[in-house]
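The lines below spell out each chain.
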Amino acid sequence: MKIALLLALLTVSECSSSAVVGWRGHNVTFSCRYDIKYHGPEWMCWNRGEIPSRGCDNPLISTDGRTVTTRASSRYQLLGRLDEGDVSMTILNLTQTDSGRYGCRVQIPGAFNDIKHHFDLTVERGEKQRAPLTTSSTPSSSSSSSSTRETSTEQTDNDTTGQLTSTETMLTSSSSSGQLEQGSSVTVVLVCVLFGLIALVTAGAIIIIARRWKQINKIRQQQVHRSVQFSSTSSSLELHRRSAVENIYNIDTDRGGDGGEYEYCP
């Protein structure tokens, strides 16, 4: 029973392997796809070496199904349509040290459902072989078809290289424009915040000055009112004092008209 279960697990976890030949200084693409319409966007990674039992222990590039999340080097690119499940990896400008095994792992929910592919890359030192052009007047059908196939293969490789180069240029320009737009957005936000702070400080200063000016005017009005009251009170007291003095003077005058003598009563 245990042996049967082990064999079943090994069968389920088996993954395909392909041999790929690349040329130094050129690009190479490892094809890897999954059904995104059925599974939806899924996390995946490309690994250098054998794919481990879980994840990638030597990841080169990974994606969440929508955008690239990690990248070990700019030489590793996902140039396919991620929204269509194309997670093929392209290695730019191959070197001799790039030879070896690579693995693609698409994480599918469920036990032993991950999609795994292995690629064994061999990088040749020489230049890429090109088919010679012949101008024979009576070529045989077999040699003609062979030359046609080689020429078409060469054109396809050249077109693929041109597409990869243009795509890399587009990615570089897109990242540069994205960084410029992000920097300009941050600058605009900082300027708006600065102007807002200046406006708040100015408004607060105007309110404080207005209140202070109002308090000063109120104090001045109170002082003027008190001065007026004090002046009117002083005038009233002066008038009362003069009136009292005149009354006393009149009383003294009336008494002086009687000769200043008083009748003596025993």
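Nothing here was measured: the structure is a model prediction, and the numbers come from that model. (Residues numbered from 1 in each chain as written. Predicted model: local features only at pLDDT ≥ 70, side-chain atom pairs only at ≥ 80, totals over all residues. Heavy atoms only, no water.)

**Digging into the environment of Thr90**
1) Next: Tracing the chain through its elements places Thr90 in strand S7 (residues 89-91).
2) Next: By relative accessible area, Thr90 is classed as buried at 2%.
3) Next: Along the chain, Thr90 and Arg75 lie 15 residues apart, while their C-alpha atoms are 7.8 Å from each other.
4) Next: Side-chain polar atoms of Thr90 contact the side chain of Thr29, separated by 2.9 Å. (Helix = DSSP H or I, 4+ residues; strand = E, 2+ residues; numbered from the N terminus. Buried < 20%, exposed > 50% of the residue type's maximum accessible area, 1.4 Å probe, protein only. Polar contact = N/O pair within 3.5 Å; in protein donor to acceptor, adjacent residues only side chain to side chain.)

**Focus: the pattern of salt bridges**
1) Next: Here the structure, examined in full by the defined rule, presents seven salt bridges.
2) Next: A salt bridge links Arg75 to Asp98, with the shortest nitrogen-to-oxygen separation between them at 2.5 Å. Of this pair, Arg75 sits in the loop between strand S5 (68-71) and strand S6 (76-77) while Asp98 sits in the loop between S7 and strand S8 (100-106), and the two are 23 residues apart along the sequence.
3) Next: For the salt bridge of Arg101 with Asp120, the shortest nitrogen-to-oxygen distance reads 2.7 Å. (Salt bridge = Lys/Arg side-chain N within 4 Å of Asp/Glu carboxyl O.)

**A few points about the state of the cysteines**
1) Next: Taken as a whole and judged by the stated rule, the model has two disulfides.
2) Next: Between the sulfur atoms of Cys32 and its disulfide partner Cys104 the distance amounts to 1.9 Å. Every disulfide takes its handedness from the sign of the S-S torsion; for Cys32 and Cys104 that torsion is -60 degrees, giving left-handed. Taken together, the positions of Cys32 in the loop between strand S2 (28-30) and helix H2 (36-39) and Cys104 in strand S8 put the pair 72 residues apart, joining distant regions of the chain.
3) Next: For Cys32, a relative accessible area of 1% corresponds to the buried category.
4) Next: Judged by relative accessible area, Cys104 falls into the buried class, the value being 0%.
5) Next: For Cys45, the disulfide goes to Cys56, at an S-S distance of 1.8 Å. Across the S-S bond of Cys45 and Cys56 the torsion is about 75 degrees, and the bridge reads as right-handed. (Disulfide = S-S within 2.5 Å.)

Take it as geometry only, folks, not as evidence of what the structure does.
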